[in-house]
Amino acid sequence: VVDKDDIKTEKKIREILSSNKIKNARIVRNILFPEASGKSSALVAGVKHAKYPVIVSYDSDAHVRDTWLADLVAPLNKKNIGVSTGFRFYVPGSFTSYLLSVWNCIGYIAVQHSQPFIWGGGFAIKKDLIRKLGLLESWKKVISDDTAVARKLEEAKMKSYFVPSCIALSYHSKFSRLTEFTT
């Protein structure tokens, strides 16, 4: 899913698809909903066009292991698990990334003790559950996609499943990234 007017990103994606000889992928243009974030709007667009029974949300700046996708979707077959999730780990390097890595610790505690906990940068959910929980309508009205999923799971008395092998590495050094996740 690309923003409606982001020609540069769409061109780059087409080049990647072509150079890797990927033919069964398509680009969906995002339509922004006035009350929603771009990401929440993109999830609605992506789910509406998805052909497969599992939906995976992934932050493109996260670095993951080769087995990340298989590890992430595997828990969805467990009883009462609605969503499986990873988490982000900021790799220290610059002053800002050190501060972000401290923020990791707070988030990691939440992962261990908050149920359900969803990290919006890497989670998997079955498409039919998205519809059953009414997430398409919720995502049209929210800034935080992961909070909406957690709230709907809690209402349905379902749980999330944290997959430690799905911790994604991020390498950021810009101060704007710090304020994005801590405010």
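Because the structure is predicted, anything quoted here is derived from the model rather than measured.

For the rest of this paragraph, the subject is the overall build of the chain. Within the chain one finds 8 helices and 6 strands. Counting helices and strands in the order they occur from the N terminus, the chain gives β-α-β-α-β-α-β-α-β-α-α-α-β-α. Relative to a compact globule of 183 residues, whose C-alpha radius of gyration would be 16 Å, the chain shows 17 Å and is just as compact. In terms of principal-axis extent, the alpha carbons of the chain reach across some 40 × 40 × 35 Å. When the 183 residues of the chain are sorted by exposure, 40% land in the buried category. Working note: accessible area of the chain is about 11,000 Å², and carbon and sulfur atoms make up 58% of it. Taken as two groups, the 28 positive and 17 negative side-chain charges of the chain have centres that lie 5 Å from each other.

A few words now on the side chain of D59. Relative to the assigned elements, D59 resides in the loop between β3 (54-58) and α3 (68-73). Accessibility expressed as a relative area gives 18% for D59, which makes it buried. A distance of 3.5 Å separates polar atoms of two side chains, one belonging to D59 and the other to K39. For D59, the residues in contact, after removing those within four places along its chain, are K39, R88, W119, G120 and G121.

Once that is clear, we can look at the side chain of K127. Mapped onto the fold, K127 is located in helix α5 (residues 127-133). Nearest to the buried, unbridged K127 among oppositely charged side chains is D128, at 9.7 Å. A distance of 2.4 Å separates the side chain of K127 from the backbone oxygen of A50, its partner in a polar contact.

Turning our eyes to something else, we now look at unusual backbone geometry. A positive phi angle is found at K21, which is not glycine, with a value near 55°. Relative to the helices and strands, K21 is located in the loop between α1 (7-19) and β2 (29-30).

With that out of the way, let us pick up the packing of aromatic side chains. Per the stated rule, a full pass over the model turns up 3 aromatic pairs. One aromatic cluster in this structure is built from F87, F117 and W119.

Turning next to the pairing of strand β4 (residues 81-90). For β4, the tally of buried residues reaches 9 of 10 residues, placing the bulk of the element in the interior. Sheet analysis places β4 next to strand β6 (residues 159-170), joined by 8 bridges and oriented parallel. Looking across to β6, one finds that T85 is bridged to F162. Direction of pairing for β4 relative to strand β5 (residues 122-126): antiparallel, over a ladder of 3 bridges.

In this section: the pattern of salt bridges. This structure, assessed with the given rule, holds 8 salt bridges. As a salt-bridge pair, R88 and D59 come within 2.5 Å of each other at their nearest N and O atoms. Linking R88 in strand β4 with D59 in the loop between β3 and α3, this pair joins segments that are 29 residues apart in sequence. Neither residue differs from the other here; R88 and D59 are each classed as buried. Across the pair R65 and D71 runs a salt bridge whose closest N-O atoms are separated by 3.7 Å. If you follow the salt bridges from partner to partner, you end up with K39, D59, D61, R88 and D145 in one network.

Reading guide: rules and limits
Residues numbered from 1 in each chain as written. Predicted model: local features only at pLDDT ≥ 70, side-chain atom pairs only at ≥ 80, totals over all residues. Heavy atoms only, no water. Helix = DSSP H or I, 4+ residues; strand = E, 2+ residues; numbered from the N terminus. Rg over C-alpha atoms; globule rule 2.2 N^0.38 Å. Buried < 20%, exposed > 50% of the residue type's maximum accessible area, 1.4 Å probe, protein only. Areas by Shrake-Rupley, 256 points an atom, 1.4 Å probe, with all protein chains shown as cover. Lys, Arg positive; Asp, Glu negative; His and termini not counted. Charge placed at Lys NZ, Arg CZ, Asp CG, Glu CD. Polar contact = N/O pair within 3.5 Å; in protein donor to acceptor, adjacent residues only side chain to side chain. Contact = heavy atoms within 4.5 Å. Salt bridge = Lys/Arg side-chain N within 4 Å of Asp/Glu carboxyl O. Phe/Tyr/Trp six-rings, centres within 6.5 Å; stacked < 30°, edge-to-face > 60°. Pairing = 2+ DSSP bridges.

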